Amino acid sequence: MRFPHGRLRRSAVLAAVVVTASAVTGLVPGTADAAPRGSAAVARLLPSAVPTPTPTPTPTVSATPYVMVTPAQVVVPEGGSALIYVRLSDRPSYGWVTVDSQRLSGDSDLLIGPRLLFPSDRYSEWQSLLVFAEEDDDATDGTATFESKISQLPGSGVAEWSAMELDNDAPTPSPAPSPS
C-alpha cells in the first residue's frame, strides 16, 4: 500500500494498517473470532489497534535500608579466618553506601576486615567480610559481639552478629594430687 506524499497523521497511518490487516485476515480488531457451530466453543479476542503498555516493575527504593548479615554467628579457628556475608535490604536512594563493622564486646583476639562499599545498583549482592582470630596463649574459646552499620545513617540500619574463636591450645593439666 502506498500513501500519498505529504503529511499524514499517525492515527490515519495506524487506521490504514488496521484496515489492511483486517482485509487480509478477515477479522476486525477487538472482536471475537468464534469457532464454527458444532466445534469446540473456543473464542479468541484479537488485539486492539492500540496496545496497552505493560508497567515495568521497579526495585524498592528506600532512604533507610538496613544491613543484613549471614550467618548470625561464625566460628573462627585460632590463627585463622572465616567469612561473614553482608548486603543491604533495599536500594538506597543515594549513591554509594558504606558499611562499617566494629566489635561491641568480647574477646579482643577476634578482629574484622575492612569496611564495605555498596553502589546503589548492587545493593543486593552479598559481599564478604573477613573475621580473624589471632593466636593467644589461653586455651579458652573466646567470643565477641560485632555490629555492622551504614556509616551515613548513624543509629539506623544496624545488624548485630557474633564470632566464636575455636582455640587450638591444649588446656594446661592441673597438677596431680600428692599421695599422703
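Fair warning: this is a prediction, and the values are worked out from it, not measured in the lab.

How each quantity is defined
Residues numbered from 1 in each chain as written. Predicted model: local features only at pLDDT ≥ 70, side-chain atom pairs only at ≥ 80, totals over all residues. Heavy atoms only, no water. Helix = DSSP H or I, 4+ residues; strand = E, 2+ residues; numbered from the N terminus. Buried < 20%, exposed > 50% of the residue type's maximum accessible area, 1.4 Å probe, protein only. Contact = heavy atoms within 4.5 Å. Areas by Shrake-Rupley, 256 points an atom, 1.4 Å probe, with all protein chains shown as cover. Phe/Tyr/Trp six-rings, centres within 6.5 Å; stacked < 30°, edge-to-face > 60°. Lys NZ or Arg CZ within 6 Å of the ring centre and 35° of its normal. Core = buried A, V, L, I, M, F, W, Y, C linked by side-chain atoms within 4.5 Å. Pairing = 2+ DSSP bridges. Axes fitted to C-alpha atoms, helices over the stretch in contact; angles between N-to-C directions.

Colleague: Quick rundown of the overall build of the chain? Include the residues and the values.
Modeller: Broken down by element type, the chain carries one helix and 13 strands. Reading the chain from its N end, one meets helices and strands in the order α-β-β-β-β-β-β-β-β-β-β-β-β-β. Put simply, the chain has 180 residues, and 27% of those count as buried. For the chain, the proportion of contacts with a sequence separation of at least 24, taken over those separated by at least 6, is 61%. Put simply, the chain shows about 12,200 Å² of open surface, and 57% of that area lies on carbon and sulfur atoms.

Colleague: Run through the packing of aromatic side chains, naming residues and quoting values.
Modeller: In total, this model carries one aromatic pair according to the counting rule given. On the numbers, 4.6 Å between centres and 15° between planes, the contact of Phe-146 with Trp-161 is stacked. Here Phe-146, found in strand 12 (residues 143–150), pairs with Trp-161, found in strand 13 (residues 159–166); they are 15 residues apart in sequence, far enough to count as distant. Given a relative accessible area of 0%, Phe-146 falls into the buried group. When the ring centre of Trp-126 is taken as origin, the NZ or CZ atom of Arg-87, which lies over that ring, is 5.6 Å away.

Colleague: Give a description of the nonpolar core that names residues and reports values.
Modeller: Nonpolar side chains in soluble globular proteins tend to be buried together. Counting residues in hydrophobic clusters, the biggest one holds 25 residues, and the most contacted among them are Val-86 and Trp-161. Looking at this core, the element that brings in the most residues is strand 6 (residues 81–88), giving four residues.

Colleague: Residue-level account of the pairing of strand 11 (residues 127–133), with values.
Modeller: Here strand 11 shows a clear split, with Gln-127, Leu-129, Val-131 and Ala-133 buried on one side and none of Ser-128, Leu-130 and Phe-132 buried on the other. Across six bridges, the pairing between strand 6 and strand 11 is antiparallel. Residue Ser-81 lies in a different strand from strand 11, and its bridge partner there is Phe-132. Inspection of the sheet shows strand 9 (residues 110–112) paired to strand 11 by three bridges, in the antiparallel sense. The residue bridging Leu-111 from the neighbouring strand is Phe-132, located in strand 11.

Colleague: Run through the sheet that holds strand 8 (residues 97–106), naming residues and quoting values.
Modeller: On the basis of which strands lie adjacent, the open sheet formed by five strands has the order 5-13-12-8-10 and mixed pairing. With partners counted over all chains shown, the strands left at the sheet margins are strand 5 (73–77) and strand 10 (116–118), one partner each. Averaged over neighbouring strand pairs, the angle between their axes works out to 30° when direction is ignored. Here strand 8 pairs with strand 12 via seven bridges, running antiparallel. Residue pairing in the sheet places Ser-101 in a bridge with Ser-148 of strand 12.

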